[in-house]
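Listed here are the chains, written in short residue letters.
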Amino acid sequence: MNLRPLRYPILILTASVALGAATAGPARAATSWPILRVYTVVVPPPLDHAFRQGIKLWETCLRTHGETHVQQAYDSETGDLNRYLFVVPYGSWAAMDQHGSAGKACDPTFNRSVLPNVSDAFSHIDHEKSKLSYLPGGDATLPSMIWVDYYRVKIGQWAHFTAAIRKYAAAAAKIHWQDHFQGLVTHATGPQGENFIFVWPNRNWADVGQQPKPSVKEMMDSVYGKAMAKMLGHEFNHSIASHWSAVWKYDKSLSYIPAK
C-alpha cells in the first residue's frame, strides 16, 4: 500500500482539541469534533510580520469578547512556505451555523489588520471517519509536527479505496501497531483537489524520519497473508488518481485556544 506511516506514541487529531476514548477493533469512539473547517492562507513574505501581528490583534479581540471556538494554526514546512493552515473544529455540520457575538465584534479588526496582508485564501471541510483511522487512546496535547498525505481518488473507485483502508486500520488494531493515523474525508476542495487525507502526528524531524516496526508490508502480510495483502495493496494503489504530501508545524502563537 502506498502509505507513508510516521511514528508518534500519542495520537492527536490534526485539528481537534480532544479525542474520544479508545474502543476495541480498528475504530474508536468518535471525537467530539468530527467536522473541521480548514483554511489555507497565502501570505507574501514582505507582509508576513504584519500578518502575524494582525492575527494576534484579532485573537486578542476574540478573547476579550469571549469567543469559544478553537482555532489551531500551522506553518508550512514543505512546498509553498508562504502558506498557513488554520483549522476550526466543530461538533457537527449544524454547529457551523452558530455564530457568537465575538466574531461580529472583531470583524473590523480582522478586516483592518489581517486581510490586507493576505494574497490568497482557500477553504474546505474535513470529516473524520473512525473506521478509516487507527486511534487507540489519545491525549489533549497537540503534536509539534504533522505529516499529511493527500489523495485524489479515481471516479468509481471510492469503494475499493475505503475497503482497503478499513483492512489496513483493522490490521493496525489487531497487532497494536506503534503508528497511529487518522483518516479524513475532505469536501469541496475543487475539481483537482484531494478527497481523502491521512494525518500522522510527530514530535520532531527525527520522528518524521523514523519508520515503523513492523513495516506496512510486514503488518499486512502477517494479518492477511501475502496473497490477500498484495491484492489489497493493488486495489488501494489502483484507486488513486494522485497523491502528494506536506509537513506542517503547529504554531502556538497564532492559535486561539479559549480559556477554560
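The notes below deal with the structure included here. (Residues numbered from 1 in each chain as written. Predicted model: local features only at pLDDT ≥ 70, side-chain atom pairs only at ≥ 80, totals over all residues. Heavy atoms only, no water.)

As for the environment of S101
Then comes step 1: Within the element layout of this structure, S101 appears in helix α2 (residues 101–113).
Then comes step 2: Judged by relative accessible area, which is 58%, S101 ranks as exposed.
Then comes step 3: For S101 and H65, which are 36 residues apart along the polypeptide, the C-alpha to C-alpha distance reads 7.6 Å. (Helix = DSSP H or I, 4+ residues; strand = E, 2+ residues; numbered from the N terminus. Buried < 20%, exposed > 50% of the residue type's maximum accessible area, 1.4 Å probe, protein only.)

Some details on the pairing of strand β8 (residues 240–250)
Then comes step 1: Pairing of strand β2 (residues 72–76) with β8, which is carried by 3 bridges, proceeds in the antiparallel orientation. If you follow D75 over to β8, its bridge partner there is K249.
Then comes step 2: Sheet topology note: the strand β5 (residues 145–153)/β8 ladder contains 9 bridges and is antiparallel. Its bridge partner lying in β8, Y151 is registered against H243. (Pairing = 2+ DSSP bridges.)

With respect to the state of the cysteines
Then comes step 1: Applying the stated criterion across every chain, the model contains 1 disulfide.
Then comes step 2: Shown here is the disulfide that connects C61 with C106, its sulfur atoms set 2.1 Å apart. Classification of the bridge connecting C61 and C106 rests on its S-S torsion, roughly -90 degrees, and on that basis the disulfide is left-handed. Here C106 lies in helix α2 and C61 lies in helix α1 (residues 48–64), a separation of 45 residues in the sequence. One exposure class covers both C61 and C106, and it is buried. (Disulfide = S-S within 2.5 Å.)

Some details on the pairing of β5
Then comes step 1: Of all 9 residues in β5, 8 are buried; the element is thus mostly enclosed.
Then comes step 2: As paired elements, β5 and strand β7 (residues 196–202) share 7 bridges and run antiparallel to each other. Within β7, the position partnered with I146 by the bridge is P201.

Topic: the packing of aromatic side chains
Then comes step 1: Under the counting rule described, the total for this entry stands at 21 aromatic pairs.
Then comes step 2: Taken together, the ring pairs connect Y134, Y151, W158, F161, Y168, W177, F181, F196, F198, W200 and F236 into an aromatic cluster. (Phe/Tyr/Trp six-rings, centres within 6.5 Å; stacked < 30°, edge-to-face > 60°.)

Re the nonpolar core
Then comes step 1: Core analysis: the largest hydrophobic core is formed by 29 residues, its most contacted members being F161, Y168, W177, F181, F196, F198 and M220.
Then comes step 2: Counting residues per element, the ones that place at least two in this core are β5, α3 (158–175), β7, α5 (216–224), α6 (226–238) and β8.
Then comes step 3: No other element matches α3, which puts 8 residues into this core.
Then comes step 4: Listed in part, the 15 residues of the second largest apolar core include V43, I55, A73 and Y84. (Core = buried A, V, L, I, M, F, W, Y, C linked by side-chain atoms within 4.5 Å.)

None of this, on its own, says anything about what the molecule does.
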